[in-house]
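If you want the building blocks of each chain, they are given just below.
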Amino acid sequence: MPTEGHEVTIEAVKPRLTLNWPTGFVPLPAEAPDRQPDRILEGLVETDANRLWLVARVKETLAAGKHFGVLRADLDWLKWLNDAHGHDLGDLGIRHSACKLAATIFENMPVDPASVVALRSSVAADETEFFLFDLGEKDLALLEKTAANLNQQPPIPLTEGTSRGVGMSVGWAHSLSDENLYHDTKDLPFEIAQKAVLGAK
């Protein structure tokens, strides 16, 4: 059932949302093996080939004595957005949560854009996972702080009289989070991402 309040239009909401990737950031590098169609986030869909490619990057990072981290943006109230205001607005919400997280990463962490990769777990998913490679130990504390800062931000209200709107939960994990996370399966980065988002709920 639509929420009471003023009618929401896409054009009225757009200026309040972050909808563009940070300058110089390519979410899925050209060397990634598989780019699946995704009308919201430009083909950044998880596939087995991309999973294996990510695990190879994890291993390279650890072999170099560096760390890696995961930040996962989960759009809040997606079903409500879709039901009350339409799927186009829900799609904008998903893009906002991903682009906002990307912008916050580069505002708060001294990381090379080439060391950050973003993927969606499926075309229908409301979560986007960001994998950060070649981190130092000091960067891991900044990773946690970045997630905490975003989780403290209130949602952007779309109508009067409701606290619901475009907001997100952000979870985090990194290579020192749990020593038992390392094993040779293609699911390793995504298990960590799942662990991250559960911690933000």
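Above this note sits the structure.
The model shown is predicted, which means the values in this text are computed figures rather than measured ones.

To continue, consider the side chain of Arg 57. Within the secondary structure layout, Arg 57 lies in helix H2 (residues 48-63). No salt bridge is formed by the buried Arg 57; its nearest oppositely charged neighbour, Asp 134, is found at 4.7 Å.

In total, this model carries seven salt bridges according to the counting rule given. With its nearest N and O atoms 3.7 Å apart, the salt bridge here joins Lys 14 to Glu 11. Judged by its relative accessible area of 57%, Glu 11 falls in the exposed class. With a closest N to O distance of 2.3 Å, Glu 46 and Arg 51 form a salt bridge. Residues Glu 46 and Arg 51 agree in their burial class; the two are buried.

The next subject is the side chain of Thr 47. The residue Thr 47 is located in the loop between helix H1 (10-13) and H2 in this model. Here Thr 47 falls in the buried class, since its relative accessible area comes to 13%. Here the side chain of Thr 47 touches Asp 34 through a polar contact of 3.2 Å, side chain to side chain. Not counting residues up to four positions away in its chain, the partners in contact with Thr 47 are Asp 34 and Gln 36.

This part covers the pairing of strand E1 (residues 67-76). Counting buried positions along E1 yields nine of 10 residues, so the element is predominantly enclosed. Relative to strand E3 (residues 127-135), E1 runs antiparallel, the two sharing seven bridges. Looking at E3, one finds that Gly 69 is bridged to Leu 132.

As a further point, take the environment of Leu 41. Inspection of the secondary structure puts Leu 41 in the loop between H1 and H2. On a C-alpha basis, the gap between Leu 41 and Thr 128 in space is 9.4 Å, while along the polypeptide they are 87 residues apart.

Here the focus is the sheet that holds E1. Read from one edge to the other, the open sheet built from five strands follows the order E2-E3-E1-E5-E4, with strand pairing classed as antiparallel. On the outer flanks of this sheet lie strand E2 (116-120) and strand E4 (156-157), each paired with one strand and no other. As defined by bridge partners, E4 adjoins strand E5 (residues 165-174) across two bridges and the pair is classed as antiparallel. The residue of E5 that forms the bridge with Ile 156 is Val 166. In this fold helix H4 (residues 87-108) packs onto E1, E2, E3, E4 and E5, with an angle of close to 150 degrees to the strand it touches most, E1. Contacts from helix H5 (residues 137-151) reach E1, E3 and E5 within the one sheet, and its direction differs from that of E5 by about 160 degrees.

Time to look at unusual backbone geometry. The phi torsion at Trp 77 lies on the positive side, around 65 degrees, for a residue other than glycine. Owing to a relative accessible area of 41%, Trp 77 belongs among the partly exposed residues under this scheme. Located in the positive-phi region is Asp 134, a residue other than glycine, with phi close to 60 degrees. Summarising the element assignment, Asp 134 is placed in strand E3. The exposure class of Asp 134 is partly exposed, given its relative accessible area of 38%.

On to the environment of Phe 106, then. Position of Phe 106 among the secondary structure elements: in helix H4. By relative accessible area, which is 24% here, Phe 106 ends up partly exposed. In this view, Phe 106 contacts Pro 22, Phe 25, Val 111, Asp 112, Pro 113 and Val 116; residues no more than four positions away in its chain are not counted.

Calculation rules
- Residues numbered from 1 in each chain as written.
- Predicted model: local features only at pLDDT ≥ 70, side-chain atom pairs only at ≥ 80, totals over all residues.
- Heavy atoms only, no water.
- Helix = DSSP H or I, 4+ residues; strand = E, 2+ residues; numbered from the N terminus.
- Buried < 20%, exposed > 50% of the residue type's maximum accessible area, 1.4 Å probe, protein only.
- Lys, Arg positive; Asp, Glu negative; His and termini not counted.
- Salt bridge = Lys/Arg side-chain N within 4 Å of Asp/Glu carboxyl O.
- Polar contact = N/O pair within 3.5 Å; in protein donor to acceptor, adjacent residues only side chain to side chain.
- Contact = heavy atoms within 4.5 Å.
- Pairing = 2+ DSSP bridges.
- Axes fitted to C-alpha atoms, helices over the stretch in contact; angles between N-to-C directions.

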